[in-house]
Amino acid sequence: MQWRSIVVGLVVLRLSLSCVLWLAFGLGPNVSWGFNFHLSFNLHKLDLLFREEKGTEPKGNSWSQRLHGQRYEETATTCAKVGQESPKRSYLSFFDGNKDEYVRRYSSFPDTLKVKMKDMAKEMFYFGYDNYMKYAFPEDELNPIDCEGRGPDVLNPSNININDVLGNYSLTLIDTLDTLLVLGNVTEFHRAVKLVIDTVSFDKDSTVQVFEANIRILGSLISAHILLTDPKHPFGKVGFEGYDNELLHLAHDLAVRLLPAFENTSTGIPYPRVNLKNGVPPDSINETCTAGAGSLLVEFGILSRLIGDSTFEWVARRAVRALWNLRSNETGLLGNVVNIQTGQWVGKQSGLGAGMDSFYEYLLKSYILFGEKEDYRMFQAAYDSIQNHLRRGRESCNEGEGDPPLYVNVNMFSGEIMNTWIDSLQAFFPGLQVLNGDVDNAICLHAFYYAIWKRFGALPERYNWQLQAPDVLFYPLRPELVESTYLLYQATKNPFYLHVGMDILQSLEKNAKVRCGYATLHHVVDKSKEDRMESFFLSETCKYLYLLFDEDNPLHKSDNKYIFTTEGHVVPIDKRFREKQWNDLFPCEEGALAEREPNARPPPSNISNCDRIPEERRYALPLKSVYMRQIDHMVGLF
């Protein structure tokens, strides 16, 4: 019987040690199969079931209670006797570690290294662009592994992953036009513009997504036209003799072909797809996502003001208003999928990623461009609802106890968490927060996404913060994290963000470069690849990486301000866009909107907030070391 006593004693000792660790540091027994799956998940699932029965949703500063059950609260009672003699310690003390590790790594960035990274970003762009022109043009995309061109999947019209984007109109060339100017290559910019004028037509039997055609094609044509014709923009006089507004005419032609999407809908919310030659397909579905229907206002609005025709801005603004009027009366949130005929929400998830992202982005950017107060009032109300219902974690990014801020997916009506994943598109949001002046929250959310990147060398399409593992494993070379990194660097000038950009550059070189370009990662863990290089890799990812390291770029030296569209196209902030040749499109409804938002703050006179970070913090770490270590731990880096 002695051996049984020994075994029982060892078990008791093991449990006692676990309780002590759990109480002191928020740690428990841990087993891992490549990812950090904690034993306490079973407690968590029971806790979720219990809450569902009671109809309650946990609030407070610890979203990781969903990761570890009642990790901090429960242990205070379960193991209270064990810890009675010890002074109470913050669980954050576990992350103190060697604080100098982060300071040494991130607090400086030599100018010589900055030049090297700028050259590396330029070489990355030209490796993709030159091979597209050599092997793929005039087709839409480059298959970088096989060194071939790719167009619409005509044999399989239901392949919307391809056909929503590719319209047989030299997509990559058009999408890349202004990037050539950003890199200072006026000669190639002129050649590319002339190729577009001479070879591109939209009179095609192609069914494309309205949203994708708008942001990738229409937006680029408008941007390039403005840069060609307006000598006040940051790049100066880059027009050429004989240019007769052909890009603007092409943009107008495309927009006219997209207009049938707005016809025959009971709500004014557009159909998701049109055939460029025949209009809305007879078998078109009546469901669309919020971002797809509500992210047309920037491009359509600029076009209307350039040509003096209100039609395009009118239909885009009507769609935004229709979506806005369908938001929940309880939470102020919108869903992610809506029926365009009934106005009923088909998808009730409210988040910041796929299906929602650019809707919020364009409310703010429309105000910046056009000065319409209603756009800012909608954005401000939406942002308040996001902060109230989607944001979890401690109140302050850089102070206090609890988990780092995180924005979760919730039910639009109840505000209850619907799932435990976030997607890579949400990485755009810190950049939008910078434009809105909420730099502290931007710093924290960006740090979370950067930690995921450090772990995998890419951003998985979906990351499960409960399981600390990817839910959807591919990475199509998306730009959102790079965009937010660039905007945070512009706002703070903190060298930390140069290190982030260098990590991203080196990861792409190591993991995505293939024979003729850069390939989509099929699996962020094993780094297997798919033979596709989407146009936004050249239009956005490479552009933001280059600008991050190019302090002397004309965009940064010009007295004239500008913004980027959701596809990364450069658009000057011009008083022309704040002038209309028509009366208010919705003269009565603006007053109604003001009545529904009685506490609405007046829009700021200057939306630029880059000076709000105190000078003493500009060259310290943007996030304290203890919080950086905490985030790294929460994504499984140690």
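Just so we're clear, the structure is a prediction, and the values are computed from it rather than from any experiment. (Residues numbered from 1 in each chain as written. Predicted model: local features only at pLDDT ≥ 70, side-chain atom pairs only at ≥ 80, totals over all residues. Heavy atoms only, no water.)

Q: When you look at the UniProt feature "binding site: Ca(2+)" (unreviewed entry) in the chain in this model, what are you seeing that I'm missing?
A: Feature annotation in UniProt assigns "binding site: Ca(2+)" (unreviewed entry) to the following positions: Thr566. As for its placement among the helices and strands, Thr566 is situated in the loop between β21 (562-564) and β22 (570-572). Residue classification places Thr566 among the buried residues on the basis of a relative accessible area of 15%. Excluding residues within four positions of it along the chain, Thr566 makes contact with Ile215, Ser358, Glu361, Tyr362 and Glu540. Of the polar contacts made by the side chain of Thr566, one reaches the side chain of Glu361; its length is 2.8 Å. (UniProt positions renumbered as here; feature names shortened; annotations may be inferred. Helix = DSSP H or I, 4+ residues; strand = E, 2+ residues; numbered from the N terminus. Buried < 20%, exposed > 50% of the residue type's maximum accessible area, 1.4 Å probe, protein only. Contact = heavy atoms within 4.5 Å. Polar contact = N/O pair within 3.5 Å; in protein donor to acceptor, adjacent residues only side chain to side chain.)

Q: What exactly am I supposed to notice about the state of the cysteines here?
A: Two cysteines form a disulfide when their sulfur atoms are joined by a covalent bond. This model, assessed by the stated rule, comprises 2 disulfides. Shown here is the disulfide that connects Cys147 with Cys516, its sulfur atoms set 1.8 Å apart. Residues Cys147 and Cys516 share a disulfide whose torsion about the S-S bond is about 85°; that sign makes it right-handed. Within this pair, whereas Cys147 is found in the loop between β3 (141-143) and β4 (148-150), its partner Cys516 is found in the loop between β17 (513-514) and β18 (517-518), the two being separated by 369 residues in sequence. (Disulfide = S-S within 2.5 Å.)

Q: Looking at this structure, how should I read the pattern of salt bridges?
A: Any two side chains of opposite charge can pair, so long as their charged atoms come close to each other. Within the structure shown, the criterion is met by 31 salt bridges. Ionic pairing is found between Arg629 and Glu101, a salt bridge with its closest N-O pair at 3.5 Å. With a gap of 528 residues between them, Arg629 in helix α26 (residues 625-634) and Glu101 in helix α6 (residues 100-106) connect regions that are remote in the sequence. On the accessibility criterion, Arg629 (14% relative accessible area) is buried. Owing to a relative accessible area of 37%, Glu101 belongs among the partly exposed residues under this scheme. Between Arg273 and Asp164 there is a salt bridge, with its nearest N and O atoms 2.6 Å apart. (Salt bridge = Lys/Arg side-chain N within 4 Å of Asp/Glu carboxyl O.)

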